[in-house]
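Structure at a glance
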Amino acid sequence: MGAISGIRADFHLFGDINGDGHVEIVEVGRNNVNDSTVAVSSFDASNSVSGWWGAIAGERNNSAGVVDYNGDGRDDLLIGSNDTWLPGNTNYSLGAPQNLDSVFTEIPTRQFDFSGDGQLDLLSHRALYIRTATGFTRVAYPAAALYAESFNVTDIDGDSNPEVILSTGSLLKIYEYQSGSFQERYSRTAGRDFLIGDLNDDDRPEVAVEDSVEAEITVLYFSTNFAAEAFTFADPEVDLSIDPRSNWGGTATRGVGGGKTIEVIPVRTVAKTGSRY
């Protein structure tokens, strides 16, 4: 997919840049002198597209995320190693680059209200950043999942509190955040890629995960105590992979609206067969 500016994108991101409740496409690339280039594409009700384009001199785009960094209700672009953010504006443009809080050691790409204060907290592949009155507090994931290859957040057990789902490339792990730290609730052998979505129309999220050699897909149905029923499909005609450079991180859901709504991005999913699927 090419943005309206025609830039060659390294990252395809999504977010509500102007705070109108609709998602814009944010694409980040590079020009011939390695400055980062950014294009924002906005669509109206008639599918007409408008756009904004800009360049960030001297900023390498080795990572990027779209989250509401400053808590103003509009998503912002975070870019670079871990040091730059551009605020979203009401006309779907991005403001001048500013320095990130020094507590960030990587770019967050997810947001959800973990602390229950109505404010969106931010997540990267290595840590949760709790929003405070003066900035952010970093809470690292447990050592067993510290170098996640893909991750996402959703309410697995239906208690209205979010869990973090991570893949290390060989293990799928689910963690619950309680009293300032993470508690492991589930672990199984799995490959890198997984999807989260309501696959059986019961208004609860399921997790579909590939095995380590991508020969099988297992759908996990979780109860309120994190016990999982597993349904395995051999040689499925489905690929769970999504561009890992996107801010979906190889998965298919994102917390929006204060972290209380799950927006599912359509992807190819397993067919429903058997007693539950």
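Our subject is the structure that appears above.
Below is a short write-up of the structure.

Reading the values: the criteria
- Residues numbered from 1 in each chain as written.
- Predicted model: local features only at pLDDT ≥ 70, side-chain atom pairs only at ≥ 80, totals over all residues.
- Heavy atoms only, no water.
- Helix = DSSP H or I, 4+ residues; strand = E, 2+ residues; numbered from the N terminus.
- Buried < 20%, exposed > 50% of the residue type's maximum accessible area, 1.4 Å probe, protein only.
- Contact = heavy atoms within 4.5 Å.
- Salt bridge = Lys/Arg side-chain N within 4 Å of Asp/Glu carboxyl O.
- Pairing = 2+ DSSP bridges.
- Axes fitted to C-alpha atoms, helices over the stretch in contact; angles between N-to-C directions.
- Lys, Arg positive; Asp, Glu negative; His and termini not counted.
- Polar contact = N/O pair within 3.5 Å; in protein donor to acceptor, adjacent residues only side chain to side chain.
- Phe/Tyr/Trp six-rings, centres within 6.5 Å; stacked < 30°, edge-to-face > 60°.
- Core = buried A, V, L, I, M, F, W, Y, C linked by side-chain atoms within 4.5 Å.

Turning to the overall build of the protein chain, a few remarks are in order. Within the protein chain, the regular secondary structure consists of zero helices and 22 strands. Here the protein chain, with 277 residues, has 50% of them falling under the buried criterion. For the protein chain, contacts bridging at least 24 residues in sequence account for 41% of all contacts bridging at least 6.

To continue, consider the pattern of salt bridges. By the definition in use, this model includes five salt bridges. With a shortest N-O distance of 3.2 Å, Arg138 and Glu106 are connected by a salt bridge. Here Arg138, found in strand S12 (residues 136–140), pairs with Glu106, found in the loop between strand S8 (98–99) and strand S9 (110–112); they are 32 residues apart in sequence, far enough to count as distant. With relative accessibility at 30%, the residue Arg138 sits in the partly exposed group. We classify Glu106 as buried; its relative accessible area is 5%.

The next point concerns the sheet that holds strand S1 (residues 9–15). Ordered in space as S1-S2-S3-S4, the four strands form an open sheet in which the pairing is antiparallel. Two strands in the sheet have a free side with no partner beyond their single neighbour: S1 and strand S4 (49–56). Between one strand and the next, the sheet's axes are offset by a mean angle of 20°, whatever the strand orientation.

Okay, the sheet that holds strand S14 (residues 163–167) next. Taken together, four strands build an open sheet; the order of strands is S13-S14-S15-S16 and the sheet is antiparallel. Strands at the two margins of the open sheet, each flanked by one partner only, are strand S13 (150–154) and strand S16 (181–189). Averaged over all pairs of adjacent strands, the angle between strand axes in this sheet comes to 20°, irrespective of strand direction. Two strands pair when backbone bridges link them, and S14 and strand S15 (residues 171–178) are joined in this way by five bridges, in the antiparallel orientation.

Before going further, it helps to examine unusual backbone geometry. Among all residues save glycine, negative phi is the norm, and among peptide bonds the norm is trans. The phi dihedral of Ser179 falls on the positive side, at around 50°, and the residue is not glycine. Note that Ser179 resides in the loop between S15 and S16. Unusually for a residue other than glycine, Phe226 sits at a positive phi of about 70°. By the element assignment, Phe226 lies in the loop between strand S19 (216–222) and strand S20 (228–234). Phe226 gets classed as buried once you look at its relative accessible area, which sits at 8%.

What follows deals with the side chain of Arg110. Along the chain, Arg110 falls in strand S9. Among buried charged residues, Arg110 stands out as having no salt bridge; its nearest opposite-charge side chain is Asp193, 10 Å away. A distance of 2.7 Å separates the side chain of Arg110 from the backbone oxygen of Phe151, its partner in a polar contact.

Moving on to the packing of aromatic side chains. Applying the stated criterion to the full structure yields 11 aromatic pairs. Centroid distance Phe114 to Tyr177: 6.1 Å. Interplanar angle 85°. Geometry classified as edge-to-face. Pair noted here: Phe114 is in the loop between S9 and strand S10 (121–123) and Tyr177 is in strand S15, with a separation of 63 residues, a long-range link. Members of the aromatic cluster, connected to one another through ring pairs, are Phe112, Phe114, Tyr141, Tyr175, Tyr177 and Phe182.

Of all hydrophobic cores here, the largest spans 16 residues; its most connected members are Phe114, Leu123, Leu128, Leu166 and Phe182. Mapped by element, the contributors of at least two residues to this core are strand S11 (127–131), S13, S14 and S15. Among all residues touching Leu128, those that are not within four sequence positions of it are Phe114, Asp121, Leu122, Leu123, Thr137, Arg138, Val139, Tyr141, Tyr177 and Phe182. Ranked by size, the runner-up nonpolar core spans 14 residues in total, among them Ile17, Val38, Ala64 and Leu77.

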